[in-house]
Every structure is written in structure tokens, then in C-alpha cells.
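Close look at the chain arrangement
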Amino acid sequence: MFVEPNLGSKNKGPLQNTGWVEVITGAMFSGKTEELIRRLNRAIIARQKVEIFKPVIDKRYHDAYVVSHNETQIRSTPVNFSQDILLLAGNSDVVGIDEAQFFDHHLTEVVTKLADQGKRLIIAGLDMDYLGKPFGPMPALMAIAEFVTKVHPICIRCGAIAVYSHRLTKDKDTVVVGEKDVYEPLCRTCYNDSEKHSK
Ligand code: ZN
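Everything in this summary refers to the structure shown in the same document. (Residues numbered from 1 in each chain as written. Predicted model: local features only at pLDDT ≥ 70, side-chain atom pairs only at ≥ 80, totals over all residues. Heavy atoms only, no water.)

Examining the overall build of the chain
Going by this rule: Runs of E in the DSSP output that reach at least two residues are strands. Runs of H or I that reach at least four are helices, and both are numbered from the N terminus. For every residue, the accessible area (1.4 Å probe, protein chains only) is compared with the maximum for its type, and the residue is labelled buried under 20%, exposed over 50%, or partly exposed between those bounds. The contact criterion used throughout is that any non-hydrogen atoms of two residues lie within 4.5 Å. All accessibility values rest on the Shrake-Rupley procedure with a 1.4 Å probe; residue burial counts only the protein chains present in the view.
Of the regular secondary structure elements, the chain holds five helices and ten strands. A total of 199 residues make up the chain; the buried ones form 49% of that total. Counted over contacts in the chain with a minimum sequence separation of 6, partners at least 24 positions apart contribute 69%. With the model as given, the accessible surface of the chain reaches about 10,100 Å², and the carbon-plus-sulfur share is 54%.

Here's the deal with the side chain of Thr-108
Following the sequence through the fold, Thr-108 ends up in helix 3 (residues 107-116). The contacts of Thr-108, once residues within four sequence positions are left out, are Pro-137, Ala-140, Leu-141 and Ile-144.

Brief notes about the side chain of Lys-32
Rule in force here: Here Asp and Glu are counted as negative and Lys and Arg as positive; His is not counted, and neither are the chain ends. Basic side-chain nitrogens of Lys or Arg form a salt bridge, by our definition, when they fall within 4 Å of a carboxyl oxygen of Asp or Glu.
Mapped onto the fold, Lys-32 is located in helix 1 (residues 32-45). Glu-99 is the oppositely charged side chain nearest to the buried, salt-bridge-free Lys-32, at an N-O distance of 6.6 Å. Beyond its immediate sequence surroundings of up to four residues, Lys-32 is in contact with Ile-24, Thr-25, Gly-26, Ala-27, Ala-124, Gly-125, Leu-126 and Val-151.

Overview of the environment of Phe-103
Along the chain, Phe-103 falls in the loop between strand 6 (94-97) and helix 3. C-alpha of Phe-103 to C-alpha of Gly-125: the two residues are 22 residues apart in sequence and 9.8 Å apart in space. Dropping the residues within four chain positions of it, Phe-103 is found in contact with Lys-54, Pro-55, Val-79, Phe-81, Ser-82, Ile-85, Ile-97, Asp-98 and Pro-137.

Describing the pattern of salt bridges
Tallied over the full model, the rule gives eight salt bridges. Between Arg-39 and Glu-35 there is a salt bridge, with its nearest N and O atoms 2.7 Å apart. With Arg-39 and Glu-35 both in helix 1 and four residues apart, the pair spans about one turn of that helix. For Lys-150, the salt bridge is made with Asp-127, and the minimal N-O distance between the two is 2.8 Å. Here the residue Lys-150 occupies a position in strand 8 (residues 147-151), and Asp-127 occupies one in the loop between strand 7 (120-126) and helix 4 (138-144), the gap between them amounting to 23 residues. Classification of Lys-150 as partly exposed rests on a relative accessible area of 43%. Each of the salt bridges in this network shares a partner with another, and the network as a whole consists of Glu-22, Glu-35, Arg-38, Arg-39 and Arg-120.

Structural notes on the coordination of the zinc ion
Condition: Atoms are scored as donors when they are N, O or S and lie within 2.8 Å of the metal, with 3.2 Å used for Na, K and Ca; no water is included, so coordination may look incomplete. In these descriptions, tetrahedral denotes four donors with every angle between 85 and 135 degrees, square planar four donors and octahedral six donors with opposite donors over 155 degrees apart and the rest between 65 and 115, and irregular any other case.
Around the zinc ion, the protein contributes the donor atoms Cys-155 (SG), Cys-158 (SG), Cys-187 (SG) and Cys-190 (SG), at 2.3 Å from the metal centre. Note that the zinc ion binds four donor atoms; their angles at the metal cover 102 to 117°, and the shape is tetrahedral. Sequence spacing of the donor residues for the zinc ion, all on one chain, is C-x2-C-x28-C-x2-C. A residue pair is termed long-range when its members are at least 10 positions apart, and Cys-155 in the loop between strand 8 and strand 9 (164-167) and Cys-190 in helix 5 (residues 188-198) qualify at 35 residues.

Description of the nonpolar core
Rules: What is meant by a nonpolar core is a set of buried Ala, Val, Leu, Ile, Met, Phe, Trp, Tyr and Cys residues, joined one to another through side-chain atoms within 4.5 Å.
With 20 residues, the main nonpolar core has Ile-85, Ile-97, Leu-121 and Ile-123 as its most contacted residues. Among the elements of the structure, strand 1 (20-26), strand 6, helix 3, strand 7 and helix 4 are those that each provide at least two residues to this core. A per-element tally of this core places helix 3 first, with five residues. Contacts of Leu-121, omitting those with residues within four sequence positions, involve Trp-20, Val-21, Glu-22, Val-95, Ile-97, Val-111, Leu-114 and Ala-115. Judged by nonpolar contacts, the second largest core, of 13 residues, contains Leu-36, Val-50, Ile-74 and Ala-124.

Dropping the structure here:
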């Protein structure tokens, strides 16, 4: 489990007086958002100022909340462009970003600027799209982060560790926001089997 290198200004942690970047990534149903919410709640308990952002595109649940599949939730601000986060982050200590894969590629610069200002950034997002390709700004974010946590769901066909978000519909749009009846988590073997049979 991830343990914060420094929480609160009175702590003499290894990263005192500096910002840093954490990325939580993995396939759908891996618990990324639950982990994001867990870390943000710990920062709130430590009396830090926390701001949370998500792209406007994710409308699957309540607009102003980051909500995980197990329905834990936390208030967030939906924004259209990554640059909006720079303007809205204000004097927060911790900035959370959910569904980061849907943001534009400027998100990497935005995150770097905020970390350089001394903020802690916690970013959650899908590592791969339904075709198994690296998703949006996530590869670059993983490269610049101090800490990367990969979380894994369980393959619903065989019980192994899953890495793919397999789409059950024939929809070719990359952005079909996730629901349980649209995607299934699959391991490498089961994903390759299902791709073979769909050709
Ligand atoms: Zn499997």
C-alpha cells in the first residue's frame, strides 16, 4: 500500500518543502478511483487544502463528484481543459485529478508547474484504451511522476490478474465512458483469445 512520504507541513519527510507527482493507473475496475479517494481523504484528515478535478466528459454519475464504482465519493470540479486546473488550483496543498486519460496532452506541463510550486499531485487514469494502446497523457504522466502505482482488477474469465479493459460493444469511439455492461477486465491470455475470436 502507498504511504505518503510527507503529510502536513510539520512533518520532516524526505520530500519536505517540495511538491511531487503520484500516478495511480491500471485497467477499468482496478480500484484506481477508490485509491485516489483514500489518499485524498488522508490529506483532508491532515488538514491540508485539497482540490479535485476531472474532465467534463465523465458524466456517468453526479457531475460535481468523483465517484468510484463502489460508490465512495468526494466533491470535485469538472473542467474542460487541463489549463483550467492551473487557474483553479489556487492555494491548495494537494491536487487530485481523476480520469486523467481524457485530458489533453498539456496536462503534463500543468502537473509539472503545480508540483514545482510545491503542491502534491495525485492523478488517477486508465493506462490503456480498449485496444490496449497507451491512453492520452497517461504515459507521459507516468514518466514524470515520482511515484507510480499500478492497480489490477481480476480477469472475469479465469481469475488471473487483469490488465486489459475489453469492450463488449462494437462501438469504435475511444471515449465510451465505462459501465459494467460495456467493459470487462481481462488478463493477457483471455484478451488475446477474445481478439482472435472476434476477427
Ligand atoms: Zn483470464
